Amino acid sequence: CLFVFPSWDETHFGKMGSYYINRTFFFDVHPPLGKMLIGLAGYLSGYDGTFPFQKPGDRYEQHNYMGMRGFCAFLGSCLVPFAYLTVLELSKSLPAALLTACILIFDTGCITLSQYILLDPILMFFLMGAVLSMVKSNSCADRPFSASWWLWLSLTGVNLAGATGVKFVGLFVVLLVGLNTIYDLWDLLGNLSLSLVSVRNFSLSLYASFQSQLIGNNLHNVSVPEHLAYGSVVTMKNLRMAGGYLHSHWHLYPEGIGARQQQVTAYLHKDSNNLWIIKKHDSDTAPSSPVEFVRHGDIIRLEHKETSRNLHSHQHEAPLTRKHFQVTGYGINGTGDSNDFWRIEVVGRKTGKLIKVLRSQVRLTHVATGCILGSSGKTLPKWGWEQVEVTCTPYLKETPNSLWNFEDHINPKLPNISLDVLKPSFAEILLESHMVMIRGNSGLKPKDNEVTSKPWHWPINYQGLRFSGVNETDYRVYLLGNPVIWWLNLVTIGLYLLITISTAVALKRGVQLTSELKELSRVVLRGGGQITLGWLLHYLPFFMMGRVLYFHHYFPAMLFSSMLTGITWDTLLKFCAAFLSPSTIARKVYGGGFLALVLLIMYSFYLFHPLSYGMIGPMASDPSSPMAGLRWMDSWEF
Amino acid sequence: SNSQLFKREDTSDTMLGFLRKPVVVTAEINMNLVALTVMGLISRLWGLSYPRAVVFDEVYYGQFVSLYMKRIFFVDDSGPPFGHMLLALGGYLGGFDGNFLWNRIGAEYSMNVPVWSLRLLPALAGALCVPLAYQILVELQFSHCAALGAALLILLENSLITQSRFMLLESVLIFFILLAVLSYLKFYNLQRHSYFSGSWWFWLLLTGVACSCAVGVKYMGLFTYMLLLAIAGLHFWHMIGDQNLSNVSLMCHFLARGLALIIIPVAMYLSFFYVHLTLLYRSGPHDQIMTSAFQASLEGGLARITQGQPLEVAYGSQITLRNVLGKPMQCWLHSHTNTYPIRYENGRGSSHQQQVTCYPFKDVNNWWIVKDPGMQQLVVSNPPRPVRHGHIVQLVHGITTRYLNTHDVAAPLSPHSQEVSCYIDYNISMPAQNLWRVEIVNRESDTDVWKTILSEVRFVHVNTSAVLKLSGASLPEWGYRQLEVVGEKLSKGYHQSMVWNVEEHRYGKSQEQKEREVELHSPTQMDISKNLSFMAKFTELQWKILTLKNEDTEHKYSSSALDWITMDTNIAYWLHPTSGAQIHLLGNVVTWASANIAALVYTCLSLWYLIRRRRKIYDVPEDAWQLWVSAGGICVGGWAVNYLPFFLMEKTLFLYHYLPAVTFQILLIPIVLQHLSDHLCRSLLLKSMFSALIVAWFSSVYFVYCTFRPVTYGEPSLSVTELKDLRWKDSWNILIRKQ
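Remember, predicted model here, so these are calculated numbers, not experimental data. (Residues numbered from 1 in each chain as written. Chains lettered and ligands numbered in written order. Predicted model: local features only at pLDDT ≥ 70, side-chain atom pairs only at ≥ 80, totals over all residues. Heavy atoms only, no water.)

### A look at the overall build of chain B
Next up, step 1: Per the secondary structure count, chain B includes 21 helices and 14 strands.
Next up, step 2: Classification of the 739 residues of chain B by burial places 52% in the buried group.
Next up, step 3: Of all intrachain contacts in chain B linking residues separated by at least 6 positions in sequence, the fraction that spans at least 24 positions is 74%.
Next up, step 4: Of the roughly 33500 Å² of accessible surface on chain B, 62% is carried by carbon and sulfur atoms.
Next up, step 5: Each charge class in chain B was averaged separately, 57 positive and 53 negative side chains, and the resulting centres sit 3 Å apart. (Helix = DSSP H or I, 4+ residues; strand = E, 2+ residues; numbered from the N terminus. Buried < 20%, exposed > 50% of the residue type's maximum accessible area, 1.4 Å probe, protein only. Contact = heavy atoms within 4.5 Å. Areas by Shrake-Rupley, 256 points an atom, 1.4 Å probe, with all protein chains shown as cover. Lys, Arg positive; Asp, Glu negative; His and termini not counted. Charge placed at Lys NZ, Arg CZ, Asp CG, Glu CD.)

### Some remarks on the overall build of chain A
Next up, step 1: The helix and strand tally for chain A stands at 15 helices and 16 strands.
Next up, step 2: In chain A, which comprises 638 residues, the share counted as buried stands at 53%.
Next up, step 3: Summed over all atoms, the accessible surface of chain A reaches about 27800 Å², with 62% contributed by carbon and sulfur.

### Details of the state of the cysteines
Residue and element names in this part refer to chain A.
Next up, step 1: Taken as a whole and judged by the stated rule, the model has 2 disulfides over all chains.
Next up, step 2: Between Cys 371 and Cys 392 runs a disulfide, and the two sulfur atoms are separated by 2.0 Å. Negative torsions about the S-S bond denote left-handed disulfides, and the value of about 95° found for Cys 371 with Cys 392 makes this one right-handed. Taken together, the residues Cys 371 in the loop between strand 10 (362-366) and strand 11 (372-379) and Cys 392 in strand 12 (residues 388-393) connect sequence positions 21 residues apart. Across this residue pair, the class does not change: Cys 371 and Cys 392 are buried.
Next up, step 3: Between Cys 78, a free cysteine, and Cys 72, which holds the nearest cysteine sulfur, the sulfur-to-sulfur gap is 12 Å.
Next up, step 4: Here Cys 110 stays free of any disulfide, with the sulfur of Cys 102 as its closest cysteine sulfur at 12 Å. (Disulfide = S-S within 2.5 Å.)

### With respect to the nonpolar core
Next up, step 1: Ranked by internal contacts, the top residues of the largest apolar core, which has 156 residues, are Phe 73, Phe 176, Ile 571, Tyr 573 and Leu 667 of chain B.
Next up, step 2: The greatest single-element share of this core, amounting to 15 residues, is contributed by helix 8 (residues 170-191) of chain B.
Next up, step 3: Here Phe 176 of chain B is in contact with Phe 82, Leu 86, Ala 210, Cys 213, Ala 214 and Val 217 of chain B, once residues within four sequence places are set aside.
Next up, step 4: Listed in part, the 92 residues of the second largest apolar core include Phe 13, Ile 103, Val 177 and Ile 531 of chain A. (Core = buried A, V, L, I, M, F, W, Y, C linked by side-chain atoms within 4.5 Å.)

### Focus on the UniProt feature "transmembrane region" (unreviewed entry) in chain A
Residues and elements named next belong to chain A.
Next up, step 1: Using the residue numbers shown here, the UniProt feature "transmembrane region" (unreviewed entry) corresponds to residues 68-87, 93-111, 149-176, 484-507, 557-577 and 589-609.
Next up, step 2: Taken end to end, residues 484-507 is 100% helix and 0% strand, and its two terminal C-alpha atoms sit 34 Å from one another.
Next up, step 3: Structurally, residues 589-609 is divided into 95% helix and 0% strand, and its ends, taken at the C-alpha atoms, are 30 Å apart. (UniProt positions renumbered as here; feature names shortened; annotations may be inferred.)

### So, the interface of chain B and chain A
Next up, step 1: Listed by partner, the interface residues are 30 residues for chain B and 26 residues for chain A.
Next up, step 2: Both faces combined, the contact of chain B with chain A buries some 2300 Å², and carbon together with sulfur accounts for 50% of it.
Next up, step 3: Where chain B meets chain A, there are 1 salt bridge.
Next up, step 4: A salt bridge links Asp 187 of chain A to Arg 614 of chain B; the nearest nitrogen and oxygen atoms lie 3.7 Å apart. (Buried area = accessible area lost by both parts, 1.4 Å probe. Salt bridge = Lys/Arg side-chain N within 4 Å of Asp/Glu carboxyl O.)

### A short note on the pairing of strand 9 (residues 342-346) of chain A
All names here are of chain A.
Next up, step 1: Burial of strand 9 is extensive: 4 of the 5 residues sit out of reach of the surface.
Next up, step 2: Strand direction decides the pairing type here: strand 6 (residues 299-304) and strand 9, joined by 2 bridges, are antiparallel. Residue pairing across strands places Ile 299 opposite Arg 343, the latter belonging to strand 9.
Next up, step 3: Inspection of the sheet shows strand 9 paired to strand 10 by 5 bridges, in the antiparallel sense. In the sheet register, Val 346 faces strand 10, and the bridge partner there is Val 362. (Pairing = 2+ DSSP bridges.)

### Quick word on the packing of helix 4 (residues 82-93) of chain B against helix 5 (residues 115-139) of chain B
A pair of packed helices is characterised by two quantities: the angle between their axes and the separation of those axes.
All names here are of chain B.
Next up, step 1: Helix 5 packs onto helix 4 with a crossing angle of 140° between their chain directions and a minimal axis gap of 7 Å. By the angle between their axes, helix 4 is oblique relative to helix 5. Relative to helix 5, the crossing made by helix 4 is right-handed. Contacts between helix 4 and helix 5 involve Leu 86, Leu 87, Leu 89, Gly 90 and Gly 91 from the first element and Ser 117, Leu 118, Leu 121 and Pro 122 from the second.
Next up, step 2: Classifying every residue of the contact of helix 4 with helix 5 by side-chain character gives 6 nonpolar, 3 polar and no charged. (Axes fitted to C-alpha atoms, helices over the stretch in contact; angles between N-to-C directions. Parallel < 35°, antiparallel > 145°, perpendicular 65-115°, else oblique. Left-handed = near helix turned anticlockwise from the far one by under 90°. Nonpolar A, V, L, I, M, F, W, Y, C, P; charged D, E, K, R; others polar.)

### Notes on helix 14 (residues 585-608) of chain A
Owing to its 3.6 residues per turn, the α-helix brings residues three or four apart onto one side.
Residues and elements named next belong to chain A.
Next up, step 1: When the terminal C-alpha atoms of helix 14 are compared, their 34 Å separation across 24 residues agrees well with the 34 Å that a helix rising 1.5 Å per residue should span.
Next up, step 2: By the burial criterion, the buried members of helix 14 are Ala 586, Tyr 590, Gly 593, Phe 594, Leu 597, Ile 601, Ser 604, Phe 605 and Phe 608.
Next up, step 3: Buried residues along helix 14 sit in contact with helix 4 (94-105), helix 5 (108-114), helix 11 (483-508), helix 13 (555-579) and helix 15 (610-613). (Expected span 1.5 Å × (residues − 1).)

### Overview of the pattern of salt bridges
Pairing is possible between side chains that carry opposite charge, provided their charged atoms lie close to one another.
Residue and element names in this part refer to chain B.
Next up, step 1: Per the counting criterion, the structure on display carries 26 salt bridges over all chains.
Next up, step 2: The partner of Lys 218 in a salt bridge is Glu 170, and the shortest N-O contact between them spans 3.0 Å. Taken together, the residues Lys 218 in the loop between helix 9 (198-217) and helix 10 (221-240) and Glu 170 in helix 8 connect sequence positions 48 residues apart. You'll find Lys 218 and Glu 170 in the same group, each marked buried.
Next up, step 3: The partner of Glu 503 in a salt bridge is Arg 322, and the shortest N-O contact between them spans 3.4 Å. Of this pair, Glu 503 sits in strand 12 (residues 500-507) while Arg 322 sits in strand 1 (residues 317-323); the two residues are 181 residues apart in sequence, bridging distant segments of the chain.
Next up, step 4: Judged by relative accessible area, which is 1%, Glu 503 ranks as buried.

### Overview of helix 12 (residues 515-539) of chain A
Next up, step 1: If you check helix 12 of chain A, its first and last C-alpha atoms are 35 Å apart, about what 25 residues at 1.5 Å a residue would give, namely 36 Å.
Next up, step 2: The largest bend in helix 12 of chain A amounts to roughly 35° and is located at Gly 529 of chain A. (Bend = angle between axes of the 7 residues up to and from the residue.)

### Notes on the packing of helix 8 of chain B against helix 19 (residues 659-680) of chain B
All names here are of chain B.
Next up, step 1: Contact pair helix 8 / helix 19: the axes reach a minimum separation of 10 Å and the direction vectors enclose 45°. Taken together, the axes of helix 8 and helix 19 are oblique relative to one another. The hand of the helix 8/helix 19 crossing is right-handed. Counted together, Leu 173, Ile 174, Ile 177, Leu 178 and Val 181 of helix 8 and Leu 659, Pro 660, Thr 663, Phe 664 and Leu 667 of helix 19 form the full contact between these two elements.
Next up, step 2: Taken together, the residues of the contact of helix 8 with helix 19 break down into 9 nonpolar, 1 polar and no charged.

### As for the UniProt feature "domain: MIR" (unreviewed entry) in chain B
Residue and element names in this part refer to chain B.
Next up, step 1: According to UniProt, the feature "domain: MIR" (unreviewed entry) maps to residues 310-373, 384-441 and 445-505 in the numbering used here.
Next up, step 2: End C-alpha atoms of residues 310-373 are separated by 22 Å, and the span's content is 0% helix alongside 41% strand.
Next up, step 3: Annotated as residues 384-441, this span is 0% helix and 40% strand, and its ends, taken at the C-alpha atoms, are 23 Å apart.

### Description of the pairing of strand 6 of chain A
All names here are of chain A.
Next up, step 1: Among the 6 residues that make up strand 6, 5 are buried, leaving the element largely enclosed by the rest of the structure.
Next up, step 2: Pairing between strand 5 (residues 276-280) and strand 6: 5 bridges, direction antiparallel. Considered in strand 6, the bridge of Ile 277 is made with Glu 303.

### So, the packing of aromatic side chains
In this description, an aromatic ring pair is defined by two values, namely the gap between the centres and the angle between the planes.
Next up, step 1: Scanning the entire structure with this criterion turns up 70 aromatic pairs over all chains.
Next up, step 2: Aromatic side chains Tyr 539 of chain A and Tyr 554 of chain A sit 5.2 Å apart centroid to centroid with 75° between the ring planes, which places their arrangement in the edge-to-face category. Here the residue Tyr 539 of chain A occupies a position in helix 12, and Tyr 554 of chain A occupies one in the loop between helix 12 and helix 13, the gap between them amounting to 15 residues.
Next up, step 3: By relative accessible area, Tyr 539 of chain A is classed as buried at 6%.
Next up, step 4: Relative accessible area serves as the criterion here: at 3%, Tyr 554 of chain A is assigned to the buried category.
Next up, step 5: Here the aromatic rings of Phe 273 of chain B and Phe 538 of chain B are separated by 4.9 Å at their centres, their planes lie at 80°, and the arrangement is edge-to-face. (Phe/Tyr/Trp six-rings, centres within 6.5 Å; stacked < 30°, edge-to-face > 60°.)

### Some points on the side chain of Glu 58 of chain B
Next up, step 1: Here Glu 58 of chain B shows up in helix 3 (residues 58-69).
Next up, step 2: Within polar-contact distance, the side chain of Glu 58 of chain B engages the side chain of Arg 119 of chain B at 2.8 Å. (Polar contact = N/O pair within 3.5 Å; in protein donor to acceptor, adjacent residues only side chain to side chain.)

### Here we look at the UniProt feature "domain: MIR" (unreviewed entry) in chain A
Next up, step 1: The UniProt feature table records "domain: MIR" (unreviewed entry) at residues 225-281, 291-347 and 352-409 of chain A.
Next up, step 2: Along residues 291-347 of chain A the backbone is 0% helical and 44% strand, and the end-to-end C-alpha distance reaches 24 Å.

### Concerning unusual backbone geometry
Next up, step 1: In this structure, the amide linkage connecting Asn 382 of chain B to the following residue, Pro 383 of chain B, adopts the cis form with an omega of 0°.
Next up, step 2: Within the secondary structure, Pro 383 of chain B is located in the loop between strand 4 (367-371) and strand 5 (392-397).
Next up, step 3: Cis geometry marks the peptide bond from Glu 715 of chain B to Pro 716 of chain B; its omega dihedral reads -5°.
Next up, step 4: Tracing the sequence through the fold places Pro 716 of chain B in the loop between helix 20 (684-713) and helix 21 (720-726).
Next up, step 5: Even without being glycine, Ser 308 of chain A reaches a positive phi, approximately 55°.

What follows is the structure, given as structure tokens:
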């Protein structure tokens, strides 16, 4: 392979493979299976996990990376037979299946995406596997509980678990299979000869077990003092789902955003900057003095342990939520002003009661302005390290946003109790860890000057992704679908709609069809419908996502679109042939049509193959470049 | 021909008939309907002008009514103009002159505000919802008793009463939604026996009209419109399967539906905007959101200034350049004698040349002179030499006579872009780079002339191919918080922040700097007028309405969609300045709870029936099943489409957004009750027990209505203990005055 340096997201996922090999704990927005597989492939091929994966363009040197790349490429090439078998099963037509396979073989985008250490080939492998086994098990439906029925059904489950374990996009294919199953069950229900309705299980438990291995919860087997006392060192967690810990650090709010004081944020992960010391509002607690518990209604001061600044609020507007007040860290070595005083109250308790760790839901009211400490859930821009905004809200509404509980609690003077009693159930941990991941996922907001794209760009192949190499002298790879194929796919979707509508209307009007045409219309409506549903499920949700989107998000949908192309053109040509059927031209039209399509695709691949296998020399905007004539859209940057 | 002859005889017979027999008019009056209408009117119109103070969102809609009265143009991003126009119609009928300062909820109305007539239309719409509910259930072919129940539930729904009695739009919206549903049902019931008859056409057309009115009042109306379109599509799909219909008549049916349900609503929607734009011809507070061309079409404002400007920009022209984006605010390319600080706070260096910014106010420093790089003169020659697309120009700042320049120095706030300055020669081997290529973005041909107001222009720097762009950031203190202008090197595609247009323009006459300054200070005057076509204005206004984002605001009474089902939230609309009298948006607890239960029962029962039917077990007769499905399609469907989309919305939500959904849900209660009594209560004893239960339940609805009447109507004033007693839920915010 010519690329001896990591390109694009390889730095990201390769690094995580290294983490697994080195057994380092890390947090990522994607579920763990994909990275575990990459790590495994690396481990088996002898990669030692020492390459730093710092930035694109660092050479791999002596590191053995081919195992990981080979693994991804192998999974990526499995897509072709999978798609072939799926279409063959759905349409029972060899040419349709061949056309689909041809499209996937010769699509530069699919090739490029499979060649590197990325999650996408793994995801698409499981996704196509799930679709294939779903289609296969559908066709076994007439002989339920046979060996092949069980095989395909359990393979569906395994693949679904795999797909969701790699990326959250896998959930869409679960939805597809789920809808298909409901449809099937509905069919079975109408079949009066069946007395027993068999319900399928999706082996989702497999997925859950992958998750459970990873959840390293600090609470496990930890014991802490039960009641809060002055001088205790604590962390405070916001009660909203996936809320963060109250956090502060040396950085100040930037110029023009409230007062230029130290930032206070909510941070999703454990960190020593989450530690706060509870102090009396007017005096410090001497280390030797007797233990004094904090009571409901007390006025306290919270000092940040690392920076010795007090939690402070004042009537400046908060950075993002304009109607709230800003919360800052203020004062030097714990000496601040009266804006550092907070009244601590427990929800549903009377004055004078003690405050319990973990179990008490606590509200902090700012004494001077009467507002309540809360986390708005909005992500701060770059200056705030993309942590979550903390504000003081003047709206005295009781929402989880403005409630906190104390999680860690360190006070050597107090006896510890075991917290096993309080340990949340497995389901709760699973839910919580997923909420954290989803939040982290949707928090991926576009940064300045980053390559982003809009969902409507994708099917028209509007803009690609630069994989590696920027300058003229670099060896460049550019992720862009083969435009001929993609535009063919796009046209086909419209064509498919037309065919479906006319077929459905014809059937509804009771037009008499020959058995051959009836079979064709069944393929169009049932098979094509399943594939179209898959395409919609993998494409439309992106329109509603707030996170930063990339071109490669369309590839799962593109797989469906390619299968649809195979089926639609096959049907269309068969319809034409049936129309001309008595004459000898019929077969010629059919065969000729296919040949033309395949040749077109192969020729376009010949034109565009440098995109994925690498180009060198001047950019395509330069007339002397070998790619000069191929820059059909101004938005392509190769 | 035989039958034709027969018909003629027939008509002549009837024509002469009135000579033989007396003319008799028989009118059937459904006293139920009349009684319901009267009760609706009483409940909604009683003491309508009380309180004589601004109540809740009246403060918001009121300002638009005033602007209509004064014919001043405005843009409201909350929805299309039809609703506002209806409110304004009330003001017009009451002789309102528009003079009232809408600034505070609770402010006393002055004598010139016709409170009663301003609130009349929403109240009438709210009152008519009661008979509409009755009719809808009748058309769904449920019993008169059930229909009466539905109407009474709507009548006694405190939240609907409150919302109808003020100058607010929800009751109007609900009225049009219900009207659309009713007309569709009437149309559909006529479909069976007399299609293409007069009344068939009437109800079909009314469906389309009511839908477009609903959408015109609030965009929420779209949900119901979509639902009706889907139902109509489904019904038509069934017709396709009907072998008795010929292809031609199917086509006619299809075209009739397309005309009434798609073309007419679109035309109506356009006409709302047409009337809106015709009524509002004066310039006003929101002008600046619009493009210069739009502003120039309004009387006063920009039109006064730009009237008579020369159209074609020529070498020597004096111009002001406005950024097309208009965000975060409209601004003009600006420069002043201050320079960029040598070092920024973060330690980066600058060129220390004269600042170029974008300034949000009109100022003499916004004037620039277009200069031909090859000539020295700054005046327009005779005849003027127009600047065309692709020409290379220099831009000279009028007051300081420095040249617009950009170079490879990082911009103050956007370090990825180039700094733009007015060049000062410090003799430090940093040469001037002041050539710009004019690119007309909206050109028709490549030889287009650069036109005042109409042309949208990009300035591409010749040396570095950077594009002059408004970055959107505002500079710190040294730049007087004006907006940053940069040279964007990586200019991908079209973005409005890179596009500028000439707003004020005149041909420069003075060669000397002193004279020129005087010239720049004097107002422009010349004459030609620009008229935009209606469609251009409409597209622009519609686009602005859809894209204009008010800042994400939080409100004391805002709530989340999940709070609505259980009514965990309320909205305080008004509080008497001295006594404890107050008005709250608060639903009838019993009704809301029963509506939820009804929806739940409906869903469970339907699933049960569906599964059983699939197994060929028929629990209810076929026609009852059809009724059950169509009633559910309208009521549960109406509830779902008007409620579920709110979970995807990111705007500030209030309880009143739920009212259309809850109206549909309430209609479901009697449907479920009648079904239960007809099909599940098998014995007579069970039936009578069920009826007794219904009576008891209904009295509790009435009881709750009476209990909450004081906070629905705002009178009588309640004591502190009475108010505390009304706080049935801890999350309700009933205002209690501190003693």
